[in-house]
Amino acid sequence: MATPAERGVVKPILSDLMDDPGSGLDYETRPDRLPGLLTPLDRFFIRNHAPTPMIDVLSWRLRIDGDGVRAPVTYTYRDLWDLPLTSVVRTIECAGNRRSLFGRASGRTFEGTQWGRGAIGTAEWTGVRLRDVLSPAGIGPNARQVMPEGLDGPGRRPMPLAKALADDTLLVLAMNGEVLLPDHGYPARVLVSGWLGAASVKWVGRIQVSDKDLSVPWNTDDYVLIGPGYPPTGESAGVPINEIPVASLVELPWPARLRPGRQVIRGRAYAGEARIHQVTCRVDDGPWQHAVLLPPVEQATWVRWQFGWNAVPGEHELRVRATDDRGGTQPDAVPWNDLGYLYNAVLAHPIHVDDPA
Ligand SMILES: Nc1nc2c(c(=O)[nH]1)N[C@H]1C(S)=C(S)[C@@H](COP(=O)(O)O)O[C@H]1N2
Ligand SMILES: [Mo]
């Protein structure tokens, strides 16, 4: 039913739009190639633990089962399109985004994909609310966890029942108005809004509903904060990651090079399930200044911001600090964790401004 893609991924990877962190399976969006609120599919980041599986949709089935449901249910692809559809704009971010910068800041080399700043993207996701997919199976009174499982092999991670039933947790069939691309989970993937990308399991073939807490590699050894200050919890080697903390992105290459004079500096800020409250910017030792937020300002979705700068020739550092509506703010530094996750410190973005022509 599924054969692995020969190149690892299927969509063309254009170096003008995406950067290659070198794993052969993962590609990130160039932060200076974001034209609108949504990330176009030709540059939406890919995070694959195995080659993209090429799935034959006619023989594909989605099975809902486990001791948390009264009777298993099986869907065909057409069955899903016949259910009520809903669309939401939401951002997903890999927990390892900015890992290479984390390594540099903490003087370590973290294993795992050496992401820069582009393992994040925003789409309009269209599909069926996960609760509408699960409910025909009859969710039992003791159901605790819901675990989507991918047909690639490694992709599986449980979430609490309440998160699975949320309005913006979807079984996704389309992204930005187009049927899911193979690399992004065709024929169906999950969207778990505001949580680490790994929760949004691609190529789903089964969803297990369980009365017990489930332990799988993605919540015991991977996607877990491990290190001093992160005590082992249950079966897990540390603290499993769910929600993504507030962080921001400057839409310039790293390092950046600008002409002198009036510039509009643009970027994005994102805060997991929360909403961005404010973004402040500082050039070198200057004052912190408020950036303007461009609507829409929605929870669980990145927000575009901008501010004007009269760039003077020389070497500069631009710092950006985003704050959310739940009291989260980007710290100056983040203590390391073994696997280099959730690096959301304020970054010193290097900018060279040319001499006047
Ligand atoms: N089945 C499966 N689902 C998966 C993955 C995977 O390797 N296999 N990678 C996860 C991770 S770590 C992330 S960050 C997101 C990335 O989604 P994208 O490739 O569509 O951007 O998919 C998640 N879902
Ligand atoms: Mo990820």
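Residues numbered from 1 in each chain as written. Chains lettered and ligands numbered in written order. Predicted model: local features only at pLDDT ≥ 70, side-chain atom pairs only at ≥ 80, totals over all residues. Heavy atoms only, no water.

K.L.:
Can you explain the overall build of the protein chain? Please cite residues and give values.
P.N.:
Within the protein chain one finds five helices and 25 strands. Taken over C-alpha atoms, the radius of gyration comes to 21 Å for the protein chain, in line with the 21 Å a tight globule of 357 residues would show. The dimensions of the protein chain, computed from C-alpha atoms along their principal axes, are 70 × 40 × 35 Å. Residue burial in the protein chain is summarised as follows: out of 357 residues, 55% are buried. Considering only contacts in the protein chain between residues 6 or more positions apart, those separated by 24 or more positions represent 70%. (Helix = DSSP H or I, 4+ residues; strand = E, 2+ residues; numbered from the N terminus. Rg over C-alpha atoms; globule rule 2.2 N^0.38 Å. Buried < 20%, exposed > 50% of the residue type's maximum accessible area, 1.4 Å probe, protein only. Contact = heavy atoms within 4.5 Å.)

K.L.:
Outline the site of ligand 1, supporting the account with residue identities and numerical values.
P.N.:
Lining the immediate environment of ligand 1, one finds 21 residues, of which Phe45, His49, Asp152, Arg189 and Lys202 sit closest. Separating an oxygen atom of ligand 1 from a backbone N or O atom of Phe45 is a distance of 2.6 Å. Between an oxygen atom of ligand 1 and a side-chain N or O atom of Lys202, the distance comes to 2.6 Å. Isolated, ligand 1 exposes 530 Å² of accessible area, and the fraction of that covered by the protein chains is 100%. Residues belonging to the shell around ligand 1 are distributed by class as follows: ten nonpolar, seven polar and four charged. (Near = heavy atom within 4 Å. Polar contact = N/O pair within 3.5 Å; in protein donor to acceptor, adjacent residues only side chain to side chain. Areas by Shrake-Rupley, 256 points an atom, 1.4 Å probe, with all protein chains shown as cover. Nonpolar A, V, L, I, M, F, W, Y, C, P; charged D, E, K, R; others polar.)

K.L.:
Break down the side chain of Ser200 for me, with residues and values.
P.N.:
Position of Ser200 among the secondary structure elements: in the loop between strand S13 (189-192) and strand S14 (204-210). Residues contacting Ser200, with those up to four places away along its chain left out, are Ile92, Arg189, Val190, Leu191 and Val192.

K.L.:
Would you mind going over the nonpolar core in detail, with residue names and values included?
P.N.:
Membership of the largest hydrophobic core comes to 68 residues, with the highest contact counts inside it found for Leu62, Ile64, Trp125, Leu130, Val146 and Leu196. It is strand S11 (residues 169-175) that contributes the most residues to this core, five residues altogether. Apart from the residues within four sequence positions on either side, Val146 is in contact with Leu130, Leu134, Arg157, Pro158, Met159, Leu161, Ala164, Ile207, Gln208 and Val209. (Core = buried A, V, L, I, M, F, W, Y, C linked by side-chain atoms within 4.5 Å.)

K.L.:
Which residues make up the UniProt feature "domain: Oxidoreductase molybdopterin-binding" (unreviewed entry) in the protein chain, and what values do they have?
P.N.:
The UniProt record marks residues 49-216 with the feature "domain: Oxidoreductase molybdopterin-binding" (unreviewed entry), using the residue numbering of this structure. Span residues 49-216 is 13% helix and 33% strand, its end C-alpha atoms 15 Å apart. (UniProt positions renumbered as here; feature names shortened; annotations may be inferred.)

K.L.:
Can you lay out the sheet that holds strand S20 (residues 276-283) for me, pointing to particular residues and giving the numbers?
P.N.:
The mixed open sheet is built from five strands, whose spatial order is S18-S25-S24-S20-S21. Since the sheet does not close on itself, it has two edges, and those belong to strand S18 (256-258) and strand S21 (289-290), each with one partner. Here S18 runs beside strand S25 (residues 348-353); their pairing, made up of three bridges, is parallel. Opposite Ala256, over in S25, you have Ile351 as the bridge partner. (Pairing = 2+ DSSP bridges.)

K.L.:
I'd love a proper account of the pattern of salt bridges, names of residues and values included.
P.N.:
Oppositely charged side chains are able to pair whenever their charged atoms sit close together. Across all of its chains, the model carries 23 salt bridges by this definition. Asp16 is paired through a salt bridge with Arg30; the nearest N and O atoms lie 3.9 Å apart. Of this pair, Asp16 sits in the loop between strand S1 (2-4) and strand S2 (18-19) while Arg30 sits in the loop between strand S3 (28-29) and strand S4 (53-55), and the two are 14 residues apart along the sequence. For Arg30, a relative accessible area of 18% translates into the label buried. We note a salt bridge from Arg156 to Glu149, for which the minimum N-O separation is 3.1 Å. The exposure class assigned to Glu149 is buried, which follows from its relative accessible area of 8%. One network of salt bridges, in which partners are shared, links Arg63, Asp65, Glu149, Arg156 and Arg206. (Salt bridge = Lys/Arg side-chain N within 4 Å of Asp/Glu carboxyl O.)

K.L.:
Summarise the packing of aromatic side chains; cite the residues concerned and give the values.
P.N.:
Scanning all chains against the criterion turns up ten aromatic pairs. Measuring from centroid to centroid gives 5.9 Å for Phe44 and Trp125, while their planes differ by 85°, and the two rings are edge-to-face. Of the two residues, Phe44 is situated in the loop between S3 and S4 and Trp125 in strand S8 (residues 120-129); the sequence distance between them amounts to 81 residues. Across this residue pair, the class does not change: Phe44 and Trp125 are buried. (Phe/Tyr/Trp six-rings, centres within 6.5 Å; stacked < 30°, edge-to-face > 60°.)

K.L.:
I'd like to hear about the UniProt feature "domain: Moybdenum cofactor oxidoreductase dimerisation" (unreviewed entry) in the protein chain, residue by residue, with values.
P.N.:
As recorded in UniProt, the feature "domain: Moybdenum cofactor oxidoreductase dimerisation" (unreviewed entry) lies at residues 241-347. From the first C-alpha to the last, residues 241-347 spans 22 Å; its make-up is 0% helix and 47% strand.

K.L.:
Hey, could you go over the sheet that holds strand S10 (residues 159-160) for me, with residue numbers and the actual values?
P.N.:
Backbone-to-backbone hydrogen bonds pair the strands of a sheet. The strands run either parallel or antiparallel. The sheet built from five strands is open, its strands ordered S6-S5-S14-S9-S10 with mixed pairing. Each edge of the open sheet carries a strand with a single partner, namely strand S6 (73-75) and S10. Across six bridges, strand S9 (residues 145-150) lies against S14 in antiparallel orientation. Considered in S14, the bridge of Val146 is made with Val209.

K.L.:
Which residues make up the environment of Asp79, and what are the values?
P.N.:
Mapped onto the fold, Asp79 is located in helix H1 (residues 77-81). Each C-alpha atom of the pair Asp79 and Leu62 lies 9.9 Å from the other, and the pair is 17 residues apart in sequence. At 2.8 Å, the side chain of Asp79 forms a polar contact with the backbone nitrogen of Thr76.

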